[in-house]
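Each chain, letter by letter, is given below.
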Amino acid sequence: MNAHSDSAHASPPLLEVRHLKVHFPVNRNLMGRPRAWVKAVDDVSFSIHKGETLSLVGESGCGKSTTGYALLGMLLPTSGELFFEGQPLDARDSQSRSLARRQMQIVFQDPFASLNPKMSVGESIGEPLRASGLSSQEAALRVEKLLDMVGLPRSCRDRLPNQFSGGQRQRIVIARALALQPRLIICDEPVSALDVSIRSQILNLLLELQRELDIAYLFISHDLSVVRHLSDRVAVMYLGHIVELAETEELFTHTLHPYTQALFSAIPRIEPGRKNTRRLILQGDLPSPLNPPRGCPLVTRCPHRQPVCEQSMPELQEIRPGHSVACFRADEWNR
Amino acid sequence: MSMPAPLPQEDLRPRPSFGAVLRSAAASVPPYLWIFIAILLGFIAMALFAPLLAPNDPTSQNLLGRMKAPGSVIRGVTYIFGSDELGRDVLSRIIYGARASMSVAVLSVCLSGAIGILAGLLAAYCRGWVESAVMRLVDMMLSIPALLFAVITVAVIGPGFINVILVLGLTRWTRYARVVYGQALGLMPQPYVRYARFVGTRPLAIMCRHLLPNVFGQVVVVATLEFGSMVLFEAGLSFLGLGVQPPTPSWGAMMNVGRHYLDTAWWIAGFPGLCLFLLVLSVNIIGDHLRDRLDPRLR
């Protein structure tokens, strides 16, 4: 599972994100100048390697999806740099955008809103193909292959989305994401809108496709058991920052950041005879991203805060091999 | 590659046949509505097959048989709805008059619909200054009384069939623009529209393939209700002498002439008025029903 991390540094990563910031203006004054900014994503850096699954976890509103959209250029980043296999990507440049959409695709959370209800399944799957200049005959042939790949009968092509269940629709959306043979698919909570009984089918399909086609996933989720099941590495986000990033088993066994500890202690454990003693509950509520705390984003809620936490923002530092944490007291937790 | 096991065919919900869709639509029509659908279809048939249905020539005058009461027989010709001040058959004129009303209404609905849809889609898709320009223009047009504007414009460019359609089309597009704009604006953040923009589908294709099909139900509702107003506008303009010109029969013009004889020959104005009333009433009731059916917020 972790085969990528060792060889990762030899070649440039598939996608490298440096200091990504996405700020939204709010509350404009009379002249149209913003009076305040929501810092949805604030200085996020990470990289995704070929064929690996990186999960972004965190509670709602922490900037997971915004990060995903900014990578694709669906939202314009406020600042930061993106490199695809060492090549810079610029969402404002049309050539770079067309490279981005050939290499990166997205699967949305809501399988009902992801497909135009008035468009046949074949047309929906063929849309990225036609937009990239394929003739309709070529697109139709490719659509049949794509339906095979996601396990839907070819006769689905002429049907409308309302004749399919949520799981079947998500298969259609995955087929559409595969159409341009991308190297990276951003999965924005692809199973959280689905029935529990359907989830494993879709997750297995994603894993199977990854094995066959060597696709990398950026898997955005708040379902920790799903994340543990399919990711190679996990990044934990809080209030627009990555607070901890490590390989999956390392993160689940050596949880260092207080926020991650609180997050993971919320996973219910079913182990007879063992009491769940390490339940860590954060005080207070998530601060408004309009008015984030100075210093460490967790400072208002952290049980271990010190004066230094209120002064400056801790950097993401590698504390153990492949395990980075943004906490001033990370070394203490590592003992 | 190894394929995932395909889903068995029966897992897919069966596709309803066209006949089944039609039957279920017909089943949801309340019984009273069939009356109004029948009236509307009757008027449409009247307009389409006027030469076959009209018992007499609508323009042939009979000065000896002027203002005869309904049911009179003059020289072997029965005047079921009576005759007018020039001895023309009122029934035949009503049947031919349906042509003027219907064709002006249909064509001006098409023209105003096309302008309004285009304006609404552009405003919702482009946002920014296009949005401000279009929507402020809509506000401006809505603040001018439409009939007054139409009267002045027709008075300037001259009456006539084409001019009436042009004027109605150019003044009445605002309702479509508002509805289309509002609906399309709501569709823009939908994942499928965002995805289409992401993969580089051209703006025109997004408007025609993603936005328009999903707002079209609302447009049909507006068009139905507008059709009723258009019939009234045409009648109003013709009543004022600014619409279809004589001797072509038109309900509005018939009412205008007939009002001079209301105390002696009520049928000259009465029957065209009744037809106008029935047509607009049925169209509006059908439109209301469509709106209730198609507007998900009212379900």
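All residue numbers here refer to positions counted from 1 along the written sequence of the relevant chain. Chain A is the first chain written and ligand 1 is the first ligand written, with later ones labelled in order. pLDDT decides what is reported in this predicted model: residues at 70 or higher carry local features, side-chain atom pairs at 80 or more are listed and counted, and totals for whole chains, interfaces and linings draw on all residues regardless. Only heavy atoms go into the side-chain values, all of them from the structure, while hydrogens and water stay out.

Student: What is the right way to read empty space enclosed by the protein from this model?
Tutor: Left-over empty space is what a probe sized like a water molecule reveals as it rolls over the atoms. Residues and elements named next belong to chain A. Here a cavity is any set of points on a 1 Å grid over the protein atoms alone where a 1.4 Å probe fits but cannot get out, and a pocket is any open set with protein on both sides within 12 Å along at least 5 of 7 lines; a residue lines the site when it has an atom within 4 Å of a point. Grid points are joined across faces, edges and corners, and a volume is the space filled by probe spheres set on the points. Going through the model one piece at a time under the given rule, you end up with 3 cavities of 30 Å³ or more. Roughly 100 Å³ of volume is contained in the largest cavity. Lining the largest cavity are 14 residues, and of these Pro258, Cys296, Cys302, Cys309 and Cys327 sit closest to its centre. Of the residues in the lining of the largest cavity, the class split is 10 nonpolar, 2 polar and 2 charged. Approximately 60 Å³ is the volume found for the second largest cavity. Surrounding the second largest cavity, Ala70, Leu71, Leu72, Gly73, Leu82, Leu89, Asp90, Ala91, Ser96, Arg97 and Ala100 form its lining. Helix numbering and strand numbering both begin at the N terminus, where a helix is a DSSP run of H or I of at least 4 residues and a strand a DSSP run of E of at least 2. When residues of the lining of the second largest cavity are traced back to their parent elements, those giving at least two are α2 (64-72) and α3 (94-103). For this classification, the nonpolar set comprises Ala, Val, Leu, Ile, Met, Phe, Trp, Tyr, Cys and Pro, the charged set comprises Asp, Glu, Lys and Arg, and every other residue, Gly included, is treated as polar. Among the residues making up the lining of the second largest cavity, the classes are represented as 7 nonpolar, 2 polar and 2 charged.

Student: Please explain helix α11 (residues 251-258) of chain B as it appears in this structure.
Tutor: Since the α-helix advances by 3.6 residues per turn, residues separated by three or four positions end up pointing in the same direction. What α11(B) keeps buried is the set B:Trp251, B:Gly252, B:Met254, B:Asn256 and B:Gly258. Those residues of α11(B) that are buried are in contact with α2 (31-48), α4 (90-126), α10 (203-239) and α12 (267-294) of chain B. Working definition: with a 1.4 Å probe on protein chains only, accessible area under 20% of the residue-type maximum means buried, over 50% means exposed, and in between means partly exposed. Every residue pair with non-hydrogen atoms within 4.5 Å of one another is taken to be in contact.

Student: Just to check I follow, could you spell out the pairing of strand β9 (residues 233-238) of chain A for this structure?
Tutor: Here is the key point about a regular strand: its side chains alternate between the two faces of the sheet. All names here are of chain A. Taking burial as the measure, the 6 residues of β9 include 6 buried ones, the bulk of the element. Of the two faces of β9, the one holding Arg233, Ala235 and Met237 and the one holding Val234, Val236 and Tyr238 are both buried throughout. Sheet topology note: the strand β3 (residues 53-57)/β9 ladder contains 4 bridges and is parallel. The partner of Leu56 across the bridge, within β9, is Ala235. Strand pairing is assigned whenever DSSP detects at least two bridges linking the two strands.

Student: What is the right way to read the packing of aromatic side chains from this model?
Tutor: Here a ring pair, both rings aromatic, is described through the centre-centre distance and the interplanar angle of the planes. All names here are of chain B. Between the rings of Phe, Tyr and Trp (Trp by its six-membered ring), a pair exists once the centres lie within 6.5 Å; its type follows the angle of the planes, with under 30 degrees stacked, over 60 edge-to-face, and the other angles tilted. Scanning the entire structure with this criterion turns up 9 aromatic pairs over all chains. Considering the side-chain rings of Trp266 and Trp267, the 5.8 Å spacing of their centres and the 80° angle between planes classify their relative orientation as edge-to-face. We classify Trp266 as partly exposed; its relative accessible area is 46%. A centroid spacing of 5.5 Å and a plane angle of 45° characterise the contact between Trp266 and Phe271, whose relative ring orientation is tilted. Here Phe271 falls in the buried class, since its relative accessible area comes to 15%. Following the ring pairs from residue to residue traces out a cluster consisting of Phe81, Trp266, Trp267 and Phe271.

Student: Would you explain a nonpolar patch on the surface in this entry?
Tutor: Residue and element names in this part refer to chain B. Two joining distances apply to patches: 9 Å for like charges and 5 Å for nonpolar side chains (Val, Leu, Ile, Met, Phe, Trp, Tyr), and every residue must have over 30% relative accessible area and no salt bridge. Residue burial considers only the protein chains on display, and all accessible areas are found by Shrake-Rupley using a 1.4 Å probe. The working definition used for a salt bridge is a side-chain nitrogen of Lys or Arg within 4 Å of a carboxyl oxygen of Asp or Glu. Together, Leu41, Ile44, Leu48, Phe49, Leu52 and Leu53 make up an exposed nonpolar region whose accessible area comes to about 620 Å². The dominant element in the nonpolar patch, judged by the number of residues it contributes, is α2, at 3 residues. As for its position among the elements, Leu48 is in helix α2. Residue Leu48 is classed as exposed on the basis of its relative accessible area, which comes to 55%.

Student: Help me out: how do you make sense of the environment of A:Leu256 in this one?
Tutor: Residues and elements named next belong to chain A. Mapping Leu256 onto the fold places it in the loop between α9 (248-253) and α10 (258-265). For Leu256, a relative accessible area of 2% puts it in the buried group. Once residues within four sequence positions are removed from consideration, Leu256 is found in contact with Glu244, Gln261, Ile319, Arg320, His323, Val325, Trp333 and Asn334.

Student: Sorry if this is basic, but what is going on with the side chain of A:His241 here?
Tutor: Residues and elements named next belong to chain A. Position of His241 relative to the elements: it lies in strand β10 (residues 241-247). A relative accessible area of 11% means that His241 is categorised as buried. One polar contact links the side chain of His241 to the main-chain carbonyl oxygen of Asp42, over a distance of 3.2 Å. Discounting chain neighbours no more than four positions away, the residues touching His241 are Asp42, Val44, Val236, Pro297 and Met313. As used in this structure description, the phrase polar contact means that two N or O atoms lie within 3.5 Å; if the pair is within protein, one of them must be able to donate a hydrogen and the other to accept it, and residues adjacent in sequence are counted only when both atoms belong to side chains.

Student: Even after reading the chapter, I still don't get the interface of chain B and chain A, so can you show me in this structure?
Tutor: Frequently, the measure chosen for interface size is the accessible area removed from exposure when the parts meet. On the side of chain A, 42 residues touch chain B, which itself brings 28 residues to the contact. Buried area, as used here, totals the accessible surface that two parts lose on assembly, with accessibility defined by a 1.4 Å probe and the loss added over both. For the pairing of chain B and chain A, the buried interface totals around 3100 Å² over both sides, and the portion due to carbon and sulfur atoms is 55%. For the pair chain B and chain A, the interface holds 1 salt bridge. The interface formed by chain B and chain A holds 11 residue pairs in polar contact (both at pLDDT 80 or more) in total.

Student: Sorry if this is basic, but what is going on with α10(B) here?
Tutor: With 37 residues, α10(B) ought to run about 54 Å at 1.5 Å a step, yet its terminal C-alpha atoms sit only 44 Å apart, falling short of that. Note that the bend at a residue is defined as the angle between axes fitted to the seven residues ending at it and the seven residues starting at it. A maximum bend of about 55° is found in α10(B) at B:Leu212, where proline B:Pro213 lies one to four positions downstream. To estimate the expected span of a helix, count its residues, drop one, and scale the result by 1.5 Å.

Student: I tried to follow the side chain of A:Ser265 on my own but got confused; where do I start?
Tutor: Residue and element names in this part refer to chain A. For Ser265, the location among the structural elements is in helix α10. Relative accessible area serves as the criterion here: at 6%, Ser265 is assigned to the buried category. In terms of polar contacts, Ser265 uses its side chain to reach the backbone carbonyl oxygen of Ala262, at 3.0 Å.

Student: Any chance you could explain the sheet that holds strand β5 (residues 87-89) of chain A here in plain terms?
Tutor: All names here are of chain A. A sheet is described by the order of its strands in space; here 4 strands give the open sequence β2-β1-β4-β5, paired in antiparallel fashion. Lying at the two open borders of the sheet, with one neighbouring strand each, are β2 (34-48) and β5. Strand-to-strand, the axes of this sheet are offset by a mean angle of 30°, without reference to chain direction. Pairing of strand β1 (residues 15-28) with strand β4 (residues 79-84) involves 5 bridges; the strand directions are antiparallel. The partner of Val17 across the bridge, within β4, is Leu82. In this analysis an axis means a line fitted to C-alpha atoms, helices contributing only their contacting stretch, and an angle means the value between N-to-C directions, from 0 to 180 degrees.

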